[in-house]
Structures are given as C-alpha cells and as structure tokens.
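Structural overview
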Amino acid sequence: MLTPKQKKLLVFINMRLQNYGIPPSFDEMKDALNLKSKSGIHRLITSLQERGYIRRIPHRARALEILKLPESKSDTDDLNIQDSLNCYNIKKNKSHQLLQSLMIVQL
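Each value, and the rule that gives it
- Residues numbered from 1 in each chain as written.
- Predicted model: local features only at pLDDT ≥ 70, side-chain atom pairs only at ≥ 80, totals over all residues.
- Heavy atoms only, no water.
- pLDDT = per-residue confidence, 0-100.
- Helix = DSSP H or I, 4+ residues; strand = E, 2+ residues; numbered from the N terminus.
- Phe/Tyr/Trp six-rings, centres within 6.5 Å; stacked < 30°, edge-to-face > 60°.
- Lys NZ or Arg CZ within 6 Å of the ring centre and 35° of its normal.
- Expected span 1.5 Å × (residues − 1).
- Buried < 20%, exposed > 50% of the residue type's maximum accessible area, 1.4 Å probe, protein only.
- Arc of directions from axis to C-beta.
- Contact = heavy atoms within 4.5 Å.

1. A short note on the confidence of the model for the chain
It should be kept in mind that the predicted coordinates are not to be read in detail where pLDDT is low. Within the chain, residue pLDDT values average 78, and 66% of them lie at 70 or more. The least confident element of the chain, judged by mean pLDDT, is helix 4 (residues 75-106) at 53; the most confident is helix 3 (residues 38-50) at 94.

2. Some details on the packing of aromatic side chains
The final tally for this structure, using the stated rule, is zero aromatic pairs. The side chain of Lys68 reaches across the aromatic face of Tyr53, ending 4.7 Å from its centre.

3. Examining helix 3
Taking 1.5 Å as the rise per residue, helix 3 with 13 residues should run 18 Å; its terminal C-alpha atoms sit 18 Å apart, in good agreement. Buried within helix 3 we find Gly40, Ile41, Leu44, Ile45, Ser47 and Leu48. Considered in projection along helix 3, the buried side chains sweep an arc of 160° and stay on one side of the axis. Residues of helix 3 that are exposed and angled more than 90 degrees away from the buried face: Arg43 and Glu50. Considering only its buried residues, helix 3 is in contact with helix 1 (4-20), helix 2 (26-32), strand 1 (54-56) and strand 2 (64-66). Just downstream of helix 3 lies Gly52, where phi reads positive at about 85°.

4. Considerations on unusual backbone geometry
Despite not being glycine, Asn34 has its phi angle at roughly 55°, a positive value. Mapped onto the secondary structure, Asn34 falls in the loop between helix 2 and helix 3. The phi dihedral of His59 falls on the positive side, at around 65°, and the residue is not glycine. For His59, the location among the structural elements is in the loop between strand 1 and strand 2.

What follows is the structure, given as structure tokens:
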C-alpha cells in the first residue's frame with residue numbers, strides 16, 4: 001500500500017517517462033508535489049524502491065525505472081495528481097515566460 005504522496009510521485013515519474021522519455025529531476029518532482037526540499041523526494045524515492053515500484057540505475061543522473069504501478073487508482077487520486085501536474089506546468093510556463101522577458105530587457 002502506497003501513501004498518497006508516494007502514489008502521486010510514482011504516477012508523475014511514469015507520466016514524464018512516457019511523455020519525454022526521461023525521468024524528471026529532483027527539483028521537478030519537488031515542484032510537482034509542492035514539497036519544500038529535495039530530501040522529501042529522496043525519502044519518497046527510497047521508499048518506492050524498497051517496495052519494489054521503482055529501480056535506480058547506479059552512476060547515472062535521473063536514472064529511474066518504473067517496475068510496477070499501483071493496481072487500483074481512485075478517481076479522486078487521479079484528479080489530485082492531475083491538479084498537481086497542471087500546477088507544475090503553470091509554474092514551469094511562468095518561469096519560462098519570466099526568463100524570456102528578462103532576455104528581452106537585456107537586449
């Protein structure tokens with residue numbers, strides 16, 4: 001049995017792997033789950049690894065492999081995960097827009 005945060009992180013990693021072909025960075029995972037520090041992500045990843053849901057590939061950055069996904073998902077869990085991902089994408093887009101505007105100002 002996974003905690004809601006473990007489940008949310010596992011689904012986020014899986015979605016990023018499917019969409020981009022690489023796992024998210026620790027910062028991206030931290031932002032997606034609205035955590036304050038990367039140490040929380042480290043603990044979640046370690047617990048997912050201990051439970052057999054993911055595998056870390058040694059000596060490689062962002063090297064995570066999904067071994068299995070949770071068997072049952074409720075609609076509310078999916079909605080909460082999607083809300084977190086949408087929030088993450090909004091933050092990412094705002095950061096990108098800010099960076100672009102700073103580059104224009106410098107020109």
